[in-house]
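Tertiary structure, described
Listed below are the residues making up each chain.
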Amino acid sequence: MFFKDSYDVVVVGGGPSGSTAARYAARNGANVLLVEKRQEIGSPVRCGEGVSMEIFKHVDIRPDPSWFVNQVTGARIFGPSGKFILIDAKNAGDEVGAVIERDAFDKYLATEAARDGAEIATKTSVVSLLKDGGEISGVRVRRMGEESDISARLVIGADGFESQVARWAGFNTNLKTRDTTSNLQYRMTNLDLDPRFTDFYIGSAAPGGYVWIFPKSGEVANVGIGLLLSRIKGASEAKDYLDAFIEKDERFRDASIMETVSGGVSVSAPLDKVIADRIMLVGDAARMIDPLTGGGISNGVIAGKVCGEVAAGAVKEGDCSEEYLQRYEKGWRELLEEKLYRDYMAKEKLVTLDDEALDKLIEVMSEVPLENLSTKEILTAIRTKYPELVKEFEDLI
Amino acid sequence: MIELNDDKCMHCGACVGACPANAIYLNEVILDFNDDCTDCGLCVRACPVGALSLIRTRGLKVPAATA
């Protein structure tokens, strides 16, 4: 027996959002199944593995040496000319974070979920939603070639960027090309880097996106690229741009690639609605990724906790209606929505800037005292020097 | 129609999430295309490694299957 035929809550997707939702639903008394289609939780990795320290404030997660491998002290953002600004952890606080091992991190979160009572089924694909008189009543799964039905009072879609649950349930998750990115990353070794910093390169080296270097140590780092789909004309551009970046940078001359990782990342505003009767969406599936950085772990975990708690409450009350689930909708938006929209607007502006404008931006930002490094202060400083760069953003200042 | 180069595919799902018709399903290492594909070619651009290509079939007659 790998799973029973009935649960209070079925969570689809064993990433950080799904595991956290399953954990908090189980911890608060619900009978929970976490379904993961892959044969191993956390593997293969599809992530840049940078995470903000925000999660430790909101969710009961303790840094474990198995996955918390490098806490950085700052982020350096390089303009096209090579000039950079340093965003220091002392000033920017939890925005600057750590580099983790996602495979171990995902297993850690799944273990926490299991400890709190959730059951986990791996190598089990959800192939459709069950409906009873138009109402969602569970999921149909396939495991080792056999299909079976699992009834659930509540289904949580945590199935990521390519969420099927969301689409099956009728949510419009279609992304505009300017809200979608194509990403490729190499885990490189035999490097000699300063492990104290995560590095970001903006401009024409990565149209509409950026190149990142996230060090796990001085020797090993994730070196990756994200390109905005609306800027991509043909096939294989993420790979071509990343290879070109690595080719012309001396630091990579003696490096080797240990792993290649790819994937899609949304850089959109969040969905207007992530709940309906008997269903909730969380994490990348709900488009909770930060549209400026492309980071999804923190937001997914923070929302996952709220999602799990509300799921348990709904089950306890015997009310899994959309009306009851508004508690989740309201709860996660209170924590995340303002920043998501602000960062979405910042991204929308940034992608319009050419190399010359980006260099001006870096130049001005390098002159703003670090302790004042808020969006408002930055925009004000830019307005003083290059008013044409922030014309459309007057209302934010 | 979309042609997949298995040698290049990373099974990452970038094409799945980018598809406006939900015509692609990724099951671990198997990429399935269904009949909803409109040949828009977005997946070809979204694929980070160039594993997909759009084969023009317009004007070509596909012979009916015979028993």
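Residues numbered from 1 in each chain as written. Chains lettered and ligands numbered in written order. Predicted model: local features only at pLDDT ≥ 70, side-chain atom pairs only at ≥ 80, totals over all residues. Heavy atoms only, no water.

1. Some thoughts on the overall build of chain B
- Of regular secondary structure, chain B possesses 2 helices and 4 strands.
- Its helices and strands taken in sequence order, chain B reads β-α-β-β-α-β from the N to the C terminus. (Helix = DSSP H or I, 4+ residues; strand = E, 2+ residues; numbered from the N terminus.)

2. Details of helix H4 (residues 102-115) of chain A
- For H4 of chain A, built from 14 residues, the straight-helix expectation of 20 Å at 1.5 Å per residue is met to within 8% by its first-to-last C-alpha distance of 20 Å.
- Just beyond H4 of chain A, the residue with positive phi is Gly-117 of chain A, at close to 110 degrees. (Expected span 1.5 Å × (residues − 1).)

3. Focus on the sheet that holds strand S7 (residues 98-100) of chain A
Residue and element names in this part refer to chain A.
- Ordered in space as S3-S7-S4, the 3 strands form an open sheet in which the pairing is antiparallel. For this open sheet the edge positions go to strand S3 (50-51) and strand S4 (68-71), each flanked by a neighbour on one side alone.
- Summarising the sheet, S4 and S7 pair through 3 bridges and their orientation is antiparallel. Its bridge partner being in S7, Asn-70 is matched across the sheet by Val-99. (Pairing = 2+ DSSP bridges.)

4. Comments concerning the pattern of salt bridges
Residues and elements named next belong to chain A.
- A full pass over the atoms with the stated rule returns 42 salt bridges over all chains.
- Among the salt bridges present, the one from Arg-62 reaches Asp-60, with a minimum N-O distance of 3.6 Å.
- For Arg-62, a relative accessible area of 60% corresponds to the exposed category.
- Salt bridges sharing common partners tie together Arg-23, Arg-27, Asp-60, Arg-62, Glu-112, Arg-115 and Asp-116. (Salt bridge = Lys/Arg side-chain N within 4 Å of Asp/Glu carboxyl O. Buried < 20%, exposed > 50% of the residue type's maximum accessible area, 1.4 Å probe, protein only.)

5. Examining the sheet that holds strand S14 (residues 210-215) of chain A
Residue and element names in this part refer to chain A.
- Strand order across the open sheet formed by 7 strands is S6-S5-S13-S14-S15-S12-S16, with mixed pairing between neighbours. Since the sheet does not close on itself, it has two edges, and those belong to strand S6 (84-88) and strand S16 (256-266), each with one partner. Strand-to-strand twist of the sheet, defined as the mean angle between neighbouring strand axes without regard to direction, takes the value 15 degrees.
- Where strand S13 (residues 197-202) meets S14, 4 bridges bridge the pair, whose relative direction is antiparallel. Following the sheet pairing, Asp-199 is matched in S14 by Ile-213.
- Packing against the sheet, helix H6 (residues 237-247) makes contact with strand S12 (180-189), S13, S14 and strand S15 (221-228), and its axis sits at approximately 40 degrees to S12.
- Across the sheet, helix H9 (residues 355-367) lies against strand S5 (74-78), S6 and S13, angled at about 45 degrees from S6, the strand it touches most. (Axes fitted to C-alpha atoms, helices over the stretch in contact; angles between N-to-C directions. Contact = heavy atoms within 4.5 Å.)

6. Some points on the nonpolar core
- One finds Val-9, Val-10, Val-32, Val-139, Ile-156, Met-280 and Tyr-328 of chain A to be the most contacted residues of the largest nonpolar core, which totals 58 residues.
- The element that contributes the greatest number of residues to this core is helix H7 (residues 297-317) of chain A, accounting for 9 residues.
- Core analysis: the next-biggest nonpolar cluster, separate from the first, contains 40 residues, Phe-78 of chain A together with Cys-9, Ala-18 and Ala-46 of chain B among them. (Core = buried A, V, L, I, M, F, W, Y, C linked by side-chain atoms within 4.5 Å.)

7. Observations concerning unusual backbone geometry
Residue and element names in this part refer to chain A.
- Geometrically, the link from Ser-43 to Pro-44 is a cis peptide bond, its omega value of -5 degrees lying close to zero.
- Within the secondary structure layout, Pro-44 lies in the loop between strand S2 (32-35) and S3.
- The backbone of Arg-287 sits at a positive phi, close to 60 degrees, despite the residue not being glycine.
- Relative to the helices and strands, Arg-287 is located in the loop between strand S18 (279-281) and H7.
- A residue is classified by how much of its surface remains accessible, and Arg-287, at 2% relative accessible area, is buried.

8. Section: the domain arrangement of chain A
- For chain A, the assigned domains are domain 1 (6-66 + 101-175 + 268-346), domain 2 (177-266) and domain 3 (353-396).
- Each of domain 1 of chain A and domain 3 of chain A has a C-alpha centre, and the two are 37 Å apart. (Domains from an automatic or database assignment.)

9. Remarks on the interface of chain B and chain A
- Each partner contributes residues to the interface: chain B has 26 residues there, and chain A has 33 residues.
- For the pairing of chain B and chain A, the buried interface totals around 2,200 Å² over both sides, and the portion due to carbon and sulfur atoms is 51%.
- When the buried surface of chain B facing chain A is broken down by residue, Glu-28, Arg-45 and Pro-48 of chain B rank first, second and third, together holding 29% of it.
- The interface formed by chain B and chain A contains 0 salt bridges.
- Linking chain B with chain A are 14 residue pairs in polar contact (both at pLDDT 80 or more), by the criterion used here.
- For the side of chain B that touches chain A, the elements supplying multiple residues, two or more each, are helix H1 (14-18), strand S2 (24-27) and helix H2 (42-46) of chain B.
- In terms of residue class, the side of chain B that touches chain A is built from 18 nonpolar, 6 polar and 2 charged. (Buried area = accessible area lost by both parts, 1.4 Å probe. Polar contact = N/O pair within 3.5 Å; in protein donor to acceptor, adjacent residues only side chain to side chain. Nonpolar A, V, L, I, M, F, W, Y, C, P; charged D, E, K, R; others polar.)

10. Remarks on the confidence of the model for chain B
- Overall, the predicted model of chain B reaches an average pLDDT of 87, with 84% of residues at or above 70.
- S2 of chain B is the least confidently modelled element of chain B, averaging 89 in pLDDT, while H2 of chain B averages 97, the highest of any element. (pLDDT = per-residue confidence, 0-100.)

11. Concerning the side chain of Ser-163 of chain A
- Within the fold, Ser-163 of chain A resides in the loop between strand S11 (146-157) and helix H5 (164-168).
- Polar contacts involving the side chain of Ser-163 of chain A include one to the side chain of Asp-159 of chain A, which spans 2.6 Å.

12. A look at the packing of H7 of chain A against helix H8 (residues 322-350) of chain A
Residue and element names in this part refer to chain A.
- Between H7 and H8, the shortest axis-to-axis distance is 8 Å and the interhelical angle comes to 165 degrees. Here H7 is positioned roughly antiparallel relative to H8, judged by the angle of their axes. Relative to H8, the crossing made by H7 is right-handed. Taking contact as the criterion, the partners of Asn-299, Ile-302, Ala-303, Val-306, Cys-307, Val-310, Gly-313, Ala-314 and Glu-317 in H7 are, on H8, Tyr-324, Leu-325, Arg-327, Tyr-328, Gly-331, Trp-332, Leu-335, Leu-336 and Leu-340.
- Of the residues in the contact of H7 with H8, the class split is 13 nonpolar, 3 polar and 2 charged. (Parallel < 35°, antiparallel > 145°, perpendicular 65-115°, else oblique. Left-handed = near helix turned anticlockwise from the far one by under 90°.)

13. Considerations on the packing of aromatic side chains
Residues and elements named next belong to chain A.
- Under the counting rule described, the total for this entry stands at 13 aromatic pairs over all chains.
- Taken together, a centroid distance of 4.9 Å and an interplanar angle of 40 degrees make the contact between Phe-78 and Phe-84 tilted.
- Centre to centre, the rings of Phe-200 and Phe-214 are 5.5 Å apart; their planes meet at 65 degrees, and the pair counts as edge-to-face. You can see Phe-200 sitting in strand S13 and its partner Phe-214 sitting in strand S14, a full 14 residues away along the chain.
- Under the relative-accessibility criterion, Phe-200 is labelled buried at 17%.
- In this structure Phe-214 comes out as buried when scored by relative accessible area, which is 9%.
- Cluster of aromatic residues (ring-pair linked, three or more members): Phe-56, Trp-67, Phe-68, Phe-105 and Tyr-108.
- When the ring centre of Phe-2 is taken as origin, the NZ or CZ atom of Arg-143, which lies over that ring, is 3.7 Å away. (Phe/Tyr/Trp six-rings, centres within 6.5 Å; stacked < 30°, edge-to-face > 60°. Lys NZ or Arg CZ within 6 Å of the ring centre and 35° of its normal.)

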